[in-house]
Amino acid sequence: MSKKILVTGGTGFIGSHTVVELQNNGFDVVIVDNLSNSKVEVLDQIEKITGTKPEFECFDLTDRQKTIQFFEKQEKLEAIIHFAASKAVGESVEKPLMYYHNNLNSLMNLMECMQEFDVQNLVFSSSCTVYGQPDQLPVTEQTPRKEAESPYGNTKSICEDIIRDVCKANPQLKGIALRYFNPIGAHESALIGELPLGVPNNLIPFLTQTVAGIRKELSVFGDDYNTPDGSAIRDYIHVVDLAKAHVVAIERLLDNQNKENCEFFNVGTGNGVSVLEIINSFERSTGEKVPHKITGRREGDIEQIYADTAYANQELNWKAESSLDETLLSAWKWQVNLKNF
Ligand code: WQD
């Protein structure tokens, strides 16, 4: 009998890629998603890739009664991977209450049900945004978290504290928080990928939509940073490498290999790449030109961050494998294939 994993937010960008990797590794998956930022057709795309359409329930995890009813109906769940959350930095500044309600109440409802229904393992979608602008680079897991740059980032820090405290009070519970850097790219099939609704906030979907002629021109938000080419630096990781890190984290918990009952890992490539280097790499790997201009900095952006991945590489025996060129080419193939949906 395959072990069953609940993936919340499983029709989203990182969630869908993680469901594929879980199924590829023999796990049975049930997805809960409220479809506020994803499409139900993603389930069919997952089935085309793996041959198995995941079990799916559509409801909002901030609804405590519906969440309890879901767990009452489920047979044994071995673990939960919790992606479902609001994640737009700018929107969180305008609507902080929505972000604190969505991101905190969904986690607390889940953890209450973990206790009530004896689900002992949780992998949480955290973010490097908890580090703010670090004083030292690359950032390790010991780098002190900083005052969040946004309510979104603050919800990630608070969620980490909730998981830590609940696992401490209930030793039968185990949690791993994966601190993502910048997930980009798409599955090699080009059947799933990043699908921002409306005008993209993030660099790569805006870039690929510009090259596809959907957007007029990419704005490079500032070239006056204290970096080699003046544009801001991030750690861009292929979403499939990131998805694989979730499978490894689940297996670590199921095999009781965790060293603490709440652990944190930086999930990045360890390479800092600037916006202008992204443009050059994209043009090199795809042969497409990226129409762009330099504009002023974006409010709230930090100058640079990239991961020290030694701890994750060693403890999880996991390492990001895709090159930047391969990753950007996969993003472009997904954008081109989107015309077929
Ligand atoms: C990357 C770089 C921009 C758009 C945020 C969240 C993080 C995660 C990913 C949710 C920056 C520059 C961008 C554009 C540009 N979110 N840029 N022109 O801000 O590093 O991270 O999204 O999980 O938690 O903090 O990602 O892709 O928005 O920006 O020049 O049109 O690209 O200034 O330097 P960011 P991003």
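Just so you know, these numbers come straight off a predicted model, no measurement behind them.

Calculation rules
Residues numbered from 1 in each chain as written. Predicted model: local features only at pLDDT ≥ 70, side-chain atom pairs only at ≥ 80, totals over all residues. Heavy atoms only, no water. Salt bridge = Lys/Arg side-chain N within 4 Å of Asp/Glu carboxyl O. Helix = DSSP H or I, 4+ residues; strand = E, 2+ residues; numbered from the N terminus. Buried < 20%, exposed > 50% of the residue type's maximum accessible area, 1.4 Å probe, protein only. Core = buried A, V, L, I, M, F, W, Y, C linked by side-chain atoms within 4.5 Å. Contact = heavy atoms within 4.5 Å. Pairing = 2+ DSSP bridges. Axes fitted to C-alpha atoms, helices over the stretch in contact; angles between N-to-C directions.

Chemist: Can you explain the pattern of salt bridges? Please cite residues and give values.
Modeler: Scanning the model with the defined rule gives 21 salt bridges in all. Salt-bridge contacts for Glu 315 lead to Arg 252; the nearest nitrogen and oxygen are separated by 3.0 Å. Within this pair, whereas Glu 315 is found in helix H10 (residues 310-315), its partner Arg 252 is found in helix H8 (residues 239-254), the two being separated by 63 residues in sequence. Look at Glu 315 and you get buried, because its relative accessible area is 16%. Counted as one network, the salt bridges with shared partners bring together Arg 145, Glu 160, Asp 161, Arg 164, Asp 165 and Arg 179.

Chemist: Tell me what's going on with the nonpolar core, and back it up with residues and numbers.
Modeler: In this structure, Ile 5, Leu 22, Leu 178, Ile 250 and Trp 318 are the most contacted members of the largest nonpolar core, which totals 37 residues. Elements that contribute at least two residues to this core include exactly strand S1 (4-8), helix H1 (13-24), strand S2 (28-32), helix H2 (42-50), strand S4 (79-82), strand S6 (174-180), H8 and strand S11 (262-267). If one sorts the elements of this core by residue count, H8 sits on top with 9 residues. Look past the residues within four positions of Ile 250 in its chain and what remains in contact with it is Ile 5, Phe 27, Ala 79, Ile 80, Ile 81 and Val 123. Counting residues in hydrophobic clusters, the runner-up holds 28 residues, among them Met 111, Ile 162, Ile 163 and Cys 262.

Chemist: Break down the sheet that holds strand S5 (residues 121-127) for me, citing the residues and quoting the values.
Modeler: On the basis of which strands lie adjacent, the open sheet formed by 7 strands has the order S3-S2-S1-S4-S5-S6-S11 and parallel pairing. Two strands lie at the open edges of the sheet, namely strand S3 (55-57) and S11, each paired on one side alone. Across this sheet, the average inter-strand angle for adjacent strands is 20°, counted without regard to direction. Pairing of S1 with S4, which is carried by 4 bridges, proceeds in the parallel orientation. From the neighbouring strand, Leu 6 faces S4, where its bridge partner is Ile 80.

In short, shape yes, function no, at least from these values alone.
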